[in-house]
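What follows is the residue order along each chain.
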Amino acid sequence: LAHARTRISFDELFLFQMGVLGQRRDWQAERGQPVEASDEWLDGFLATLPYALTGAQRRALDEIRGDMAREIPMNRLLQGDVGSGKTVVAAAAMAMVAQQGKQAALMAPTSILAEQHARGIGELLAQTPDGENIQVRLLTGNTSDSEREEIYAGLADGSISVVIGTHAVIQESVEFDNLAMAIIDEQH
C-alpha cells in the first residue's frame, strides 16, 4: 500500500511538472519585444532616484535588463520583504519600456495598494530623463466611467505609457497599443 501511494504521488507530480514544462516551452516559443536601455540612460534614471540602489536591487535590475533585451519573453519572480525595494526595481523596468515608446501595466491586489503604487511610481517616473513623455494612470473598479473611457482610449492609442491598477487592467475591454511588460504585485 505504501509503495502504491508513493507511485501514485510520483505519477501525479511527474504529470504536473510535464504540464508546466509544456506551458513554459509554449510561451517561450512566442517572440517577445526586446527592450534595451543604454548604460547612459540607466545611469541617468538612477541619478534621479532619491537614494542609491542596494547591491541586491542593482543585481536584480541588471538581470531584468538582460532578460528584457532578449527576444524570449521574460518571466521572473522578484521576491523580498516589505520595504526591500521591489517597487523601485519594477519602476525602473517600466521606465525602460516607456522610454522606448512601449507600454507597461502593473496589477496590484487591492485598490489601496494600486493607488500607492500609482502615486509612488508616478513620482519616480516623472523625474526620469523622459519623464515628461511618460503618462501614468490609475485604473481600478472605483474609476469613474468617464475617466475609465479616457484611460481605455489612451491605452489603445498608446498615449498612456503605464497603467497601474487592480484586476480592472485585465478586463476584456482594455486594449493596449503596444504592451511590452506586465507586472503582477502579489502580497503572498
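Before reading further, recall that the structure is shown in the block above.
Parameters at a glance
Residues numbered from 1 in each chain as written. Predicted model: local features only at pLDDT ≥ 70, side-chain atom pairs only at ≥ 80, totals over all residues. Heavy atoms only, no water. Helix = DSSP H or I, 4+ residues; strand = E, 2+ residues; numbered from the N terminus. Salt bridge = Lys/Arg side-chain N within 4 Å of Asp/Glu carboxyl O. Buried < 20%, exposed > 50% of the residue type's maximum accessible area, 1.4 Å probe, protein only.

Q: Got a minute to help me understand the environment of Arg70 in this structure?
A: Counting through the fold element by element, Arg70 comes out in the loop between α3 (55-68) and α4 (86-98). Measuring from C-alpha to C-alpha, the distance between Arg70 and Glu36 comes to 8.7 Å, with 34 residues separating the pair along the chain.

Q: Looking at this structure, how should I read the pattern of salt bridges?
A: Between side chains of opposite charge, a pair can form when the charged atoms approach closely. Within this structure, the stated rule accounts for nine salt bridges. Of the charged contacts in the structure, one is a salt bridge between Asp39 and Arg65, with a shortest N-O distance of 2.6 Å. Of this pair, Asp39 sits in helix α2 (residues 39-48) while Arg65 sits in helix α3; the two residues are 26 residues apart in sequence, bridging distant segments of the chain. Asp39 gets classed as partly exposed once you look at its relative accessible area, which sits at 45%. Judged by its relative accessible area of 17%, Arg65 is buried. Measuring nitrogen to oxygen at the nearest pair gives 3.3 Å for the salt bridge that ties Arg76 to Glu63. Of this pair, Arg76 sits in the loop between α3 and α4 while Glu63 sits in helix α3, placing them 13 residues apart in sequence. Exposure remark for Glu63: the relative accessible area of 44% places this residue in the partly exposed category. Taken together, the shared-partner salt bridges in this structure form one network comprising Glu63, Asp67 and Arg76.

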